[in-house]
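Chain by chain, the residues:
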There are 2 protein chains.
Amino acid sequence: MAQREVDLDSSVGYALKQAATALRAEMEAALEPLSLTVTQYSCLELLGQRPGLSAAELARGVFVTRQSMQSVLQGLQERGLLSRSTVPQGRALPTQLTPAGTDLLGRASRAVAAVESRMLQDRSAAEVARLRADLAACVAALEAPQP
Amino acid sequence: MAQREVDLDSSVGYALKQAATALRAEMEAALEPLSLTVTQYSCLELLGQRPGLSAAELARGVFVTRQSMQSVLQGLQERGLLSRSTVPQGRALPTQLTPAGTDLLGRASRAVAAVESRMLQDRSAAEVARLRADLAACVAALEAPQP
DNA sequence: TGCGCCATGTCAGGAGTCTGACATAAGCTG
DNA sequence: CAGCTTATGTCAGACTCCTGACATGGCGCA
């Protein structure tokens, strides 16, 4: 086996981490004027598109633990950006954006969209869709149960 | 503007984060038997391919701060996996793998390569290269100075 | 019905990483 | 040459997020 197992210059995994890191850094910079962290924005965005989600569902969608999501929700709730139902749906507590939350989300969403469109500049819609599909296929392959 | 600014189901950024998270989780699982964290492995791998790197250079390559890399290096050094030069090259202290470090890196590298190849299963070499190039283009676009 | 099983919310503790700060060494510039 | 800038290593503190644990509410099944 003359071939090296992992070569940084041709490793998709390394490129993936590099891209995710760069994107996160640019998102942080874009969201800083709104006093939002990337995690907080992700939470608002997810909640804006899927109103009524529970904390556990939000946590999975944002890729953090329930425990972390709890403190994120507390912070956003104290800022009046979202409200949690007092009446449990079973054990879960549905969450919704407040008008202030919806307003801030709109501005944050535009800022983030600008970053993403800068990341994808000079690429056709078809190329973008292909990249997205490639990444989704990676996720599916990784999450598939292995023997 | 009827189009939503950020749609999770078609957002490349979200897919990117999802893929990076899934890959990291699988890497953690693969490296756990070797008692290595992903950061520790990344450090060893980079050092194996670029011997003599300083702590600051390693930190940039692994996407952490110098301060974090310092504690990572201390842990690896105490396990006898690497050694830091006592004679500074200027201000920097070159770092090398020990034989034990090289040996462990070999096993870790194979484990990680298995994960990456599972992630990319059913794809041609050309498709993999294209994905890697797409990701690199994202990084370049994000890091390019903006007006 | 009663039991086990899973998901959710929550509390406490700890590991990892980051920001801030300082001293030192090399390079550049006037 | 002196001074400024940059890069590195290091120390200290704070913050974020995670792991572990527990109680509670729904669901399936014997």
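Data block above holds the structure.
So, here's what we can say about the structure. Keep in mind that this is a model prediction, so the values were computed, not measured. (Residues numbered from 1 in each chain as written. Chains lettered and ligands numbered in written order. Predicted model: local features only at pLDDT ≥ 70, side-chain atom pairs only at ≥ 80, totals over all residues. Heavy atoms only, no water.)

### Structural notes on the packing of helix α2 (residues 38–49) of chain B against helix α5 (residues 99–119) of chain B
All names here are of chain B.
Thought 1: Orientation of α2 relative to α5, taken along the N-to-C sense of each, is 110°, at an axis distance of 10 Å. One way to sum up the angle between α2 and α5 is to call them roughly perpendicular. In this structure, α2 contributes Tyr41, Leu44, Glu45 and Gly48 to the contact, and α5 contributes Leu105, Ala108, Ser109 and Val112.
Thought 2: Taken together, the residues of the contact of α2 with α5 break down into five nonpolar, two polar and one charged. (Axes fitted to C-alpha atoms, helices over the stretch in contact; angles between N-to-C directions. Helix = DSSP H or I, 4+ residues; strand = E, 2+ residues; numbered from the N terminus. Parallel < 35°, antiparallel > 145°, perpendicular 65-115°, else oblique. Contact = heavy atoms within 4.5 Å. Nonpolar A, V, L, I, M, F, W, Y, C, P; charged D, E, K, R; others polar.)

### Here we look at the protein's contact with DNA strand D
Thought 1: Near DNA strand D there are 18 residues, and of these Ser68 and Arg91 of chain A together with Ala56, Arg60 and Arg66 of chain B occur at the shortest range.
Thought 2: The protein-proximal atoms of DNA strand D, defined as those within 4 Å of the protein, are 53% sugar or phosphate.
Thought 3: Note that a phosphate oxygen of DNA strand D is positioned 3.0 Å from one of the backbone N or O atoms of Thr65 of chain A.
Thought 4: One of the side-chain nitrogen or oxygen atoms of Arg66 of chain B is found 2.8 Å away from a base nitrogen of DNA strand D.
Thought 5: Listed by contribution, the elements that provide at least two residues to the surface near DNA strand D are α4 (66–78) of chain A together with α3 (55–62) and α4 (66–78) of chain B.
Thought 6: Of the residues in the surface near DNA strand D, the class split is five nonpolar, eight polar and five charged. (Near = heavy atom within 4 Å. Polar contact = N/O pair within 3.5 Å; in protein donor to acceptor, adjacent residues only side chain to side chain.)

### Quick look at the relation of the copies chain A and chain B
What relates the two chain copies is a rotation about an axis together with a slide along it.
Thought 1: Mapping chain A onto chain B calls for a screw motion: a turn of 180° about the axis and a shift of 0.0 Å along it, with 0.1 Å RMSD after fitting. Here the symmetry operator amounts to a two-fold rotation axis.
Thought 2: When the interface residues of chain A are mapped onto chain B, 100% of them are again interface residues, pointing to one common binding face. (Least-squares fit on C-alpha atoms with pLDDT ≥ 70 in both.)

### What about the packing of aromatic side chains?
Thought 1: Here the structure, examined in full by the defined rule, presents two aromatic pairs over all chains.
Thought 2: Ring geometry for Tyr14 of chain A and Phe63 of chain B: centres 5.6 Å apart, planes at 35°, overall tilted. Placement of Tyr14 of chain A in helix α1 (residues 12–31) and of Phe63 of chain B in the loop between α3 and α4 is noted, with the two residues assigned to different chains.
Thought 3: Residue classification places Tyr14 of chain A among the partly exposed positions, given a relative accessible area of 23%. (Phe/Tyr/Trp six-rings, centres within 6.5 Å; stacked < 30°, edge-to-face > 60°. Buried < 20%, exposed > 50% of the residue type's maximum accessible area, 1.4 Å probe, protein only.)

### Description of the protein's contact with DNA strand C
Thought 1: DNA strand C sits among 18 residues. The nearest are Ala56 and Arg66 of chain A together with Thr39, Ser68 and Arg91 of chain B.
Thought 2: Considering DNA strand C, the proportion of its atoms within 4 Å of the protein that are sugar or phosphate atoms stands at 51%.
Thought 3: Arg60 of chain A has a polar side-chain atom sitting 2.9 Å from a phosphate oxygen of DNA strand C.
Thought 4: The contact in question runs from a phosphate oxygen of DNA strand C to an N or O atom on the side chain of Ser68 of chain B, over 2.7 Å.
Thought 5: Of all the secondary-structure elements, those providing two or more residues to the surface near DNA strand C are α3 (55–62) and α4 of chain A together with α4 of chain B.
Thought 6: Its residues placed into classes, the surface near DNA strand C shows five nonpolar, eight polar and five charged.

### Quick look at the interface of chain A and chain B
Thought 1: Counting residues at the interface gives 55 residues for chain A and 55 residues for chain B.
Thought 2: Counting the surface lost from both chain A and chain B, the interface buries some 5500 Å², and carbon and sulfur atoms represent 63% of this.
Thought 3: Together, Val12, Phe63 and Leu142 of chain A form the three largest contributors to the area buried by chain A at its contact with chain B, with a combined 13%.
Thought 4: The interface formed by chain A and chain B holds six salt bridges in total.
Thought 5: Notably, a salt bridge pairs Arg123 of chain A with Asp134 of chain B, separated by 3.6 Å at the nearest N-O pair.
Thought 6: Our count for the contact surface shared by chain A and chain B stands at 20 residue pairs in polar contact (both at pLDDT 80 or more).
Thought 7: Among the elements of the structure, α1, α2 (38–49), α3, α5 (99–119) and α6 (125–143) of chain A are those that each provide at least two residues to the side of chain A that touches chain B.
Thought 8: The residue inventory of the side of chain A that touches chain B, partitioned by class, reads 28 nonpolar, 11 polar and 16 charged. (Buried area = accessible area lost by both parts, 1.4 Å probe. Salt bridge = Lys/Arg side-chain N within 4 Å of Asp/Glu carboxyl O.)

### A look at α3 of chain A
Thought 1: When we look at burial in α3 of chain A, the residues that qualify are Ala55, Leu58, Ala59, Gly61 and Val62 of chain A. Angular distribution of buried residues about the axis of α3 of chain A spans 165°; they occupy a single face of the element.
Thought 2: Packing partners of the buried residues in α3 of chain A comprise α2, α4 and β1 (82–84) of chain A together with α1 (12–31) of chain B.
Thought 3: Count one or two residues on from α3 of chain A and you reach Phe63 of chain A, which has phi positive near 65°. (Arc of directions from axis to C-beta.)

### Things to note about the nonpolar core
Thought 1: Membership of the largest hydrophobic core comes to 88 residues, with the highest contact counts inside it found for Leu16, Met69 and Leu135 of chain A together with Met69 and Leu135 of chain B.
Thought 2: Excluding anything up to four places from it in sequence, Leu16 of chain A contacts Leu135 of chain A together with Leu16, Ala19, Ala20, Leu23, Met119 and Leu135 of chain B. (Core = buried A, V, L, I, M, F, W, Y, C linked by side-chain atoms within 4.5 Å.)

### Here's the deal with the side chain of Glu45 of chain A
Thought 1: Take Glu45 of chain A: it is sitting in helix α2.
Thought 2: Owing to a relative accessible area of 4%, Glu45 of chain A belongs among the buried residues under this scheme.
Thought 3: Here Ser109 of chain A takes part through its side chain, which lies 3.0 Å from a polar atom of the side chain of Glu45 of chain A.
Thought 4: Every residue in contact with Glu45 of chain A, bar those within four places of it in the chain, is listed here: Leu105 and Ser109 of chain A together with Val6 and Leu8 of chain B.

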